[in-house]
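Coordinate analysis (summary)
If you want the building blocks of each chain, they are given just below.
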Amino acid sequence: MDTCRIPANASKCSGTTMQCFMVLSTQAQKISIGILCGLFGTMCVFENSLVLYLIFSSPGTRKKPSYLFIGSLALADILASIIFVCSFVNFHVFNEAGFSKEVFLLQLGGVNTSFSASLSSLLLTALDRYISISRPSEYKLLMTRRRAWTALAALWVTCATIACLPLLGWNCCVLDSTCSELFPFVDDNYLSGWICFVVVLLGCIVCAYAHVLWRARQHVAYMEKHQAQAGKQNTRMRMDVMLAKTLVMVLAVLMLCWSPVLVLMIYSIFGRLSDHLRKVFAFCSTLCLLNSMVNPIIYALRSKELFSSLRRVFSHFRRQLKAAEESPEAESTHKSSVIETICKDTCTMS
């Protein structure tokens, strides 16, 4: 049976009733969530920070729109990890409810902005691959760095605006409407709209990649048929096919990680959630962090340019370590030679 139900919308807007959304009842559940968030969040920040460094430290990658979109994805995942882990652990593990409605909606807006920007960055990357494969001769004219930066700016502004609507007044406290069973102060209609927004993004990504895969298969058949004709065009096709397959892997992981959360969100709109399902939702939410953690691993394994940059970074790091280890020995050898010279000079004088 449900242990915490709030009968009136007015009471849902009280800060004390936020405890009803703290669904983790045992210490074992809190420890599990804390470990998952700490592990996934730390790895996600480290890996995506490394991806950003590899992209913007190399002149070859930071000038390409494709990697600008991947950089936007990495930045969104970093922000999502930091904001989500801090707010989620603070709320569900430490049961901190002493903040105002505005502070909570601001934290929720930050999480929604980051995750929405992550999905939108994947959509831009899919469209970039779609243009690159469907119109390769016009790609450089159509997808310039200026247009890429403009698209990214529009992306982040749109995601931030949609995510901040509850803070700006679209919440069940101001509208005196039905509140969500999953998020305090969030209006059910807004949650429905946000779910539709995410579903549309996912649908567009799937459609774009369906076409990319179809064209990639044609390119593979073309290359097998004309293996003797090696040149820049075939090299470009191989790169497009490799990157297309990489991003399809990212999309598959994305769907697997986000599907449970979206299904439970949709169910909460049309039905009543038990405490058990709300606990399941809390654990499934950590899958979003897992998705953000897996993305950079796929880039490092599948992208030759990023993998080459990573190897250069490791090689430079090893050389520095080797130089640091050799410098004390060299200094000791130098001191020994100086002492031997002084001793010889002393003996000669005497």
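From a predicted model like this one, the values you see are computed outputs, not experimental measurements.

We now examine the overall build of the protein. For the protein, the helix and strand inventory stands at 13 helices and 0 strands. Helices and strands in the protein line up, N terminus first, as α-α-α-α-α-α-α-α-α-α-α-α-α. Residue burial in the protein is summarised as follows: out of 350 residues, 45% are buried. Pairs at least 24 apart in sequence give 79% of the contacts found in the protein among residues at least 6 apart. Accessible surface computed for the protein: about 18,400 Å², of which carbon and sulfur atoms make up 66%.

Attention now goes to the packing of aromatic side chains. Aromatic ring pairs: the centre-centre distance and the angle between the two ring planes describe each pair. Across all of its chains, the model carries 8 aromatic pairs by this definition. Aromatic side chains Phe-84 and Phe-115 sit 6.1 Å apart centroid to centroid with 75° between the ring planes, which places their arrangement in the edge-to-face category. Of this pair, Phe-84 sits in helix H4 (residues 65-92) while Phe-115 sits in helix H5 (residues 101-134); the two residues are 31 residues apart in sequence, bridging distant segments of the chain. Consider the rings of Phe-183 and Phe-281, whose centres lie 5.7 Å apart with planes at 80°: the pair is edge-to-face. Of this pair, Phe-183 sits in the loop between helix H9 (172-175) and helix H10 (188-225) while Phe-281 sits in helix H12 (residues 275-302), and the two are 98 residues apart along the sequence. Of the two residues, Phe-183 and Phe-281, both sit in the buried class. Put simply, the rings of Phe-84, Phe-88, Phe-115, Trp-194 and Trp-258 touch in pairs and so form one group of aromatic residues.

Our next topic: the pattern of salt bridges. Under the counting rule described, the total for this entry stands at 6 salt bridges. For Lys-101, the salt bridge goes to Glu-102, with nearest N and O atoms at 3.9 Å. Between Asp-128 and Arg-129 there is a salt bridge whose closest N-O contact spans 2.9 Å. Judged by its relative accessible area of 0%, Asp-128 is buried. According to the relative accessible area criterion, Arg-129 is buried, its value standing at 4%.

The UniProt record annotates "transmembrane region" (unreviewed entry) at residues 31-55, 67-91, 103-127, 148-170, 190-214, 246-268 and 280-301. The span residues 67-91 shows a helical share of 100% and a strand share of 0%, and its end C-alpha atoms are spaced 35 Å apart. Its end C-alpha atoms 36 Å apart, residues 103-127 is made of 100% helix and 0% strand.

All told, the structure shown has 1 disulfide when counted by the stated rule. Cys-172 shares a disulfide with Cys-179; S-S distance 1.9 Å. One disulfide, between Cys-172 and Cys-179, carries an S-S torsion of 95° and so falls in the right-handed class. Taken individually, Cys-172 and Cys-179 each receive the classification buried, so the pair is uniform in this respect. Not engaged in a disulfide, the cysteine Cys-288 finds its nearest cysteine sulfur in Cys-257; these two sulfurs lie 7.4 Å apart. For Cys-288, a relative accessible area of 5% translates into the label buried.

Before going further, it helps to examine the side chain of Thr-113. Tracing the backbone shows Thr-113 in helix H5. A distance of 2.7 Å separates the side chain of Thr-113 from the backbone oxygen of Gly-109, its partner in a polar contact. Setting aside its immediate chain neighbours within four residues, Thr-113 contacts Trp-156, Cys-159, Ala-160 and Ala-163.

Moving on, we get to the nonpolar core. Within soluble globular proteins, side chains that are nonpolar tend to cluster in buried spots. Ranked by size, the top nonpolar core spans 62 residues in total, and within it Cys-37, Phe-84, Phe-104, Phe-183, Trp-258 and Met-265 carry the most contacts. Breaking this core down by element, the ones donating at least two residues are helix H2 (27-57), H4, H5, H10, helix H11 (232-270) and H12. Tallying contributions element by element places H10 first for this core, with 11 residues. In this view, Phe-183 contacts Phe-21, Leu-108, Leu-191, Met-265 and Phe-281; residues no more than four positions away in its chain are not counted. The next biggest cluster of nonpolar side chains, apart from the first, holds 12 residues, and it includes Leu-68, Ala-76, Met-143 and Cys-159.

On to the side chain of Asp-275. On the secondary structure map, Asp-275 appears in helix H12. Here Arg-278 takes part through its side chain, which lies 3.1 Å from a polar atom of the side chain of Asp-275.

Quick look at the confidence of the model for the protein now. With 79% of its residues at a pLDDT of at least 70, the protein reaches an overall mean of 81. Element-level mean pLDDT values for the protein span from 49 in helix H1 (residues 9-12) up to 94 in helix H7 (residues 145-163). Low pLDDT (under 50) marks residues 5-10, which in the prediction has 13 contacts with non-local residues, meaning those over four places away or in another chain.

Bringing unusual backbone geometry into the picture now. Backbone geometry follows two general trends: most residues other than glycine have a negative phi, and most peptide bonds adopt the trans configuration. Phi at Asp-176 takes a positive value of approximately 55°, unusual for a residue other than glycine. By the secondary structure assignment, Asp-176 is in the loop between H9 and H10. Overall, the relative accessible area of 59% leaves Asp-176 in the exposed class. Its identity as a non-glycine residue notwithstanding, Phe-185 has a phi of 70°, on the positive side. Mapped onto the elements, Phe-185 comes out in the loop between H9 and H10.

Parameters and conventions
- Residues numbered from 1 in each chain as written.
- Predicted model: local features only at pLDDT ≥ 70, side-chain atom pairs only at ≥ 80, totals over all residues.
- Heavy atoms only, no water.
- Helix = DSSP H or I, 4+ residues; strand = E, 2+ residues; numbered from the N terminus.
- Buried < 20%, exposed > 50% of the residue type's maximum accessible area, 1.4 Å probe, protein only.
- Contact = heavy atoms within 4.5 Å.
- Areas by Shrake-Rupley, 256 points an atom, 1.4 Å probe, with all protein chains shown as cover.
- Phe/Tyr/Trp six-rings, centres within 6.5 Å; stacked < 30°, edge-to-face > 60°.
- Salt bridge = Lys/Arg side-chain N within 4 Å of Asp/Glu carboxyl O.
- UniProt positions renumbered as here; feature names shortened; annotations may be inferred.
- Disulfide = S-S within 2.5 Å.
- Polar contact = N/O pair within 3.5 Å; in protein donor to acceptor, adjacent residues only side chain to side chain.
- Core = buried A, V, L, I, M, F, W, Y, C linked by side-chain atoms within 4.5 Å.
- pLDDT = per-residue confidence, 0-100.

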